[in-house]
Each structure stands twice: as structure tokens, then as C-alpha cells.
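Residues per chain are reported as follows:
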Amino acid sequence: MRYIDVTGKTEEEAIRAALSQLGLERDDVSVEILERSKSGFLGIGSSPAKVRVSYELDVAEEPEVPQAKPAEKKPVEKKPEGKPEPAPEKQPEQPAAPVSETEDADRIRAFLTGLLEHMDCRAQVKVYEEEKNRYKVILEGQRLGALIGRRGETLDAIQQLTNYAVNSGRDKRVRIHVDAENYRAKREQSLESLANKVAGKVLKYRRSVTLEPMNAYERHVIHAALQDKEGVTTYSIGTEPNRRVVVAYERGNR
């Protein structure tokens, strides 16, 4: 894990500067507020905000996983799609047509097929290229709750493993998001509702609220939901796996 310290007029400005410098997204990093910005009086005594942005050199450390050999197994024969992918409850962007010709898509499909076989799961693996170097994988099948796990922990582990396996040994990484039973969209809706509810309390009582521990994906949803919310700001505190989002009242707001 490495980090950089960056200053900015506000905490959010410093975070944006750090992300731009690293070429990463909000959910790729952990943010610690080292110094809050101070406006001073008539410009006297003002000071910028200072944040520490931590990031990993690779996608993630390789957890204890099944043998790598399953990734080399011959991919399951791909069946032509009979119907278009049903629209989920919340899906801002419709995925492109399933990918079957690219090397990255084949690597993703081969690894996940082998992993799922090792887990004795018969879910189908569908790979979509949302944009260049960004793929969405949808696992389809019956009773996939075991693949999702409590609060998506198993699904997150599968996603992490897939990113590690596909990006291992390459200079230019691809980003892979894995979903099952539309869990991501449903969880995102729940988190956005929570974020707005908490922001309302912060504005009403002018007090910061610290949320329960969340993983990087969930924290990113909270940050994104409130990034344009006037009067509040968000940042993360603590260390994994107990890292939390703080929804704070923004000073100077009326």
C-alpha cells in the first residue's frame, strides 16, 4: 500500500487533485483527512485542506484462492442469445452486446468458468464491454445467493479475484465488475437512499454522522451520491475492514 499527501482549497478539491494525479477513481483509493480547510477571517489565518490518499500498486493482493489451473480450462461453449438482457430495476447504462471475440473477454470468461466449476456452481458467465478496458460480468442462474454472500462479500471476493487473475503480468489493466441477480443495482439504490437520509439529518442538526463500516465499492456509492449535495461533504476514516464514511456538515453553509 502506498500513499500521497495532497493539499487543496477544500477536502474534495484535494481528493480530486490526488485522483487526477494517480489516474485512479474514488473506489480505487482510501482517503484520510489530515487537515481540514480553514477559511480564517477576511482571508487571514486561512489554511488549505490536506488529505492522504492510499492506493495499491496492483488491483489487490491475491487472497487464498482455488488452484489457478481452472482458469486454463476450455471455456464453456457460448450459446447465442435468444433474448436481450432484461432491464434491471436500476441500470443507468445498458451494457453492450456480449463480447466473444476479444482476448480480455475470453480470459475473463475462462477464469470465472473455472472458478465457478471449482465452487460447484453452474451459473452462466456473460461478459459485456461497457467501454474500452472496462467490462461488466453478469452471472446468471438459479439461487445465486451463495455467490453474493452477506452484504455482497462473496461477490466482492470473486470480482477481486477476477481482476487479479486477468490483470496479472500485464502493464495496462482492465477493470472488471461482477454482478449476480442484479445485486449491485439493488444495493446501490439502498445506499443512495441511506446517503440522502443521513445528509438530511446532517443539514438539520449541523452535526457529522459516521456510517457503519463499508467496503470500497459501498463507500464510493455514498461519496458519489453526495458529491454535489450542497452543505455536506464526505470523507473516509479508519482502516480496512472497518473503514467508514463520515457525512460532515460543511462549514460556512447557511
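Above this text sits the structure in question.
Residues numbered from 1 in each chain as written. Predicted model: local features only at pLDDT ≥ 70, side-chain atom pairs only at ≥ 80, totals over all residues. Heavy atoms only, no water.

Asks: Before we go on, may I ask you to explain helix 4 (residues 153-167) in this structure?
Replies: Side chains three or four residues apart in an α-helix point the same way, a direct result of the helix having 3.6 residues per turn. With 15 residues, helix 4 extends 21 Å between its outermost C-alpha atoms, agreeing within 8% with the 21 Å of an ideal straight helix rising 1.5 Å per residue. Listing the buried residues of helix 4 in full gives Leu155, Asp156, Ile158, Gln159, Leu161, Thr162, Asn163, Val166 and Asn167. If you follow the buried residues of helix 4, they end up packed against helix 2 (103-118), helix 3 (145-148), strand 6 (175-180) and helix 5 (183-205). Note on helix 4: the residue one or two positions beyond its end, glycine 169, has a positive phi of about 80 degrees. (Helix = DSSP H or I, 4+ residues; strand = E, 2+ residues; numbered from the N terminus. Expected span 1.5 Å × (residues − 1). Buried < 20%, exposed > 50% of the residue type's maximum accessible area, 1.4 Å probe, protein only. Contact = heavy atoms within 4.5 Å.)

Asks: Teacher, can you tell me more about the sheet that holds strand 2 (residues 30-35) here?
Replies: Picture the strands of a sheet paired through backbone hydrogen bonds; they go either parallel or antiparallel. Strand order in the open sheet formed by 3 strands is 1-3-2, and the pairing between neighbours is antiparallel. Looking at strand neighbours, the two that pair on one side only are strand 1 (2-8) and strand 2, the edges of this open sheet. Neighbouring strand axes in the sheet, compared pairwise and without regard to direction, differ in orientation by 25 degrees on average. Direction of pairing for strand 1 relative to strand 3 (residues 49-55): antiparallel, over a ladder of 7 bridges. Residue pairing across strands places valine 6 opposite valine 51, the latter belonging to strand 3. Contacts from helix 1 (residues 11-22) reach strand 1, strand 2 and strand 3, with the element oriented near 135 degrees to strand 1. (Pairing = 2+ DSSP bridges. Axes fitted to C-alpha atoms, helices over the stretch in contact; angles between N-to-C directions.)

Asks: How should I be thinking about helix 1 in this particular structure?
Replies: Helix length check: helix 1 (12 residues) gives 17 Å between terminal C-alpha atoms against 16 Å at 1.5 Å per residue, within 8%. Taken as a whole, helix 1 has its buried residues at Glu11, Glu12, Ala14, Ile15, Ala18 and Leu19. Along the axis of helix 1, the buried positions cluster into a sector of 160 degrees, meaning they face one direction only. Seen from the buried face of helix 1, the exposed residues on the opposite side, beyond 90 degrees, are Arg16, Ser20 and Gln21. On its buried side, helix 1 packs onto strand 1, strand 2, strand 3 and strand 8 (232-237). Once helix 1 ends, the next one or two residues include glycine 23, with phi positive near 70 degrees. (Arc of directions from axis to C-beta.)

Asks: Explain the packing of helix 5 against helix 6 (residues 216-226) to me, please; I cannot follow it from the model alone.
Replies: The description of two packed helices rests on the angle between their axes and on the distance between the axes. The geometry of helix 5 relative to helix 6 is characterised by a closest axis approach of 9 Å and an angle of 50 degrees between their N-to-C directions. The orientation of helix 5 relative to helix 6 falls into the category oblique. As helix 5 packs across helix 6, the resulting crossing turns out to be right-handed. Residues Tyr183, Arg184, Arg187, Glu188, Leu191, Glu192, Ala195, Asn196 and Ala199 of helix 5 pack against Tyr217, Glu218, Val221, Ile222, Ala225 and Leu226 of helix 6. (Parallel < 35°, antiparallel > 145°, perpendicular 65-115°, else oblique. Left-handed = near helix turned anticlockwise from the far one by under 90°.)

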